[in-house]
Amino acid sequence: MGEKVLVLNASLMPINITSWRRAMSLIYKGKAVGVVYNGKVINGRFRLPEVIRLTNYIFVPFTDVVFSRKNIYLRDNHTCQYCGKKHVTLTIDHVVPKSRGGRDAWDNVVVCCSVCNNRKGDRHYEEVGMKLKTKPYRPSSTLYLQMTRLSNSPASWFSYFFREPEPIRNLAAG
């Protein structure tokens, strides 16, 4: 069993991906509770979680995702964003070319195969009749990029990476 478990802070913010053994240990010690279970059972009586939530809030300093070639490839899953090919010579393409004012930024670069990159050249992709498979975006966290490396992340994990923050309630008002 190589099951991985998503760890949420008490605020429901994803903070780690851990092994099922570590997750079960945290639950047993009362440091976490199961949120989503995958239907498997250990020792005939313990349900195996997909997602756990820590019972106490842990301060995790916020760090931006570093804009790097490696992280762009991870974000785009090593796939050309124009034709969808995976196992070819890949490069980085500026959606709006630098010669036309485009910049090095998360929302302006995509992974592209050399054939599509040569076809697009120094033009906007729409000028040559190309379409983007997915719109470029800034990843929400390095943990999200780590999740993309896993071959079969449970669908239940994705809702925790793209959810709106919980509204802050005034506890004094009731």
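Residues numbered from 1 in each chain as written. Predicted model: local features only at pLDDT ≥ 70, side-chain atom pairs only at ≥ 80, totals over all residues. Heavy atoms only, no water.

Quick notes on the overall build of the protein chain
In terms of helices and strands, the protein chain carries 5 helices and 6 strands. Secondary structure elements of the protein chain, listed N to C terminal, follow the sequence β-β-α-β-β-α-β-β-α-α-α. The C-alpha radius of gyration of the protein chain comes to 20 Å, more than 25% above the 16 Å expected for a compact globule of 174 residues. Dimensions of the protein chain, computed from the C-alpha atoms along their principal axes, are close to 60 × 45 × 25 Å. Sorting the 174 residues of the protein chain into buried and exposed places 38% on the buried side. Taking contacts inside the protein chain between residues at least 6 apart in sequence as the whole, the part at least 24 apart equals 55%. For the protein chain, the exposed area adds up to about 11,100 Å²; of that, 53% sits on carbon and sulfur atoms. (Helix = DSSP H or I, 4+ residues; strand = E, 2+ residues; numbered from the N terminus. Rg over C-alpha atoms; globule rule 2.2 N^0.38 Å. Buried < 20%, exposed > 50% of the residue type's maximum accessible area, 1.4 Å probe, protein only. Contact = heavy atoms within 4.5 Å. Areas by Shrake-Rupley, 256 points an atom, 1.4 Å probe, with all protein chains shown as cover.)

What about the environment of H87?
Of note, H87 is situated in the loop between α2 (69-75) and β5 (90-94). In this structure H87 comes out as exposed when scored by relative accessible area, which is 78%. Once the C-alpha coordinates of H87 and S153 are considered, the two residues, 66 residues apart in sequence, prove to be 21 Å apart.

Things to note about the pairing of strand β1 (residues 4-8)
Residues in a regular strand project their side chains so that they alternate between the two faces of the sheet. Summarising burial for β1: 4 of the 5 residues are buried, a large majority. Inspection of the sheet shows β1 paired to strand β2 (residues 14-19) by 5 bridges, in the antiparallel sense. Among the inter-strand pairings, K4 is bridged to a residue of β2, identified as S19. Here β1 hands over to β2 after 5 residues, with L12 in that stretch at a positive phi of 70°. (Pairing = 2+ DSSP bridges.)

Some points on the nonpolar core
By size, the foremost hydrophobic cluster in this structure holds 20 residues, and its most contacted members are C80, Y82 and C116. The greatest single-element share of this core, amounting to 5 residues, is contributed by strand β6 (residues 109-113). Once residues within four sequence positions are removed from consideration, C116 is found in contact with C80, Y82, C83 and M130. Counting residues in each nonpolar core, the second largest holds 11 residues, with V5, V7, M24 and L26 among its members. (Core = buried A, V, L, I, M, F, W, Y, C linked by side-chain atoms within 4.5 Å.)

Some points on the pattern of salt bridges
Inspection of the entire model under this criterion finds 6 salt bridges. A salt bridge links D76 to R75, with the shortest nitrogen-to-oxygen separation between them at 2.8 Å. Between K120 and D93 there is a salt bridge; the shortest N-O distance is 3.3 Å. Of this pair, K120 sits in helix α3 (residues 114-120) while D93 sits in strand β5; the two residues are 27 residues apart in sequence, bridging distant segments of the chain. Judged by its relative accessible area of 0%, K120 is buried. (Salt bridge = Lys/Arg side-chain N within 4 Å of Asp/Glu carboxyl O.)

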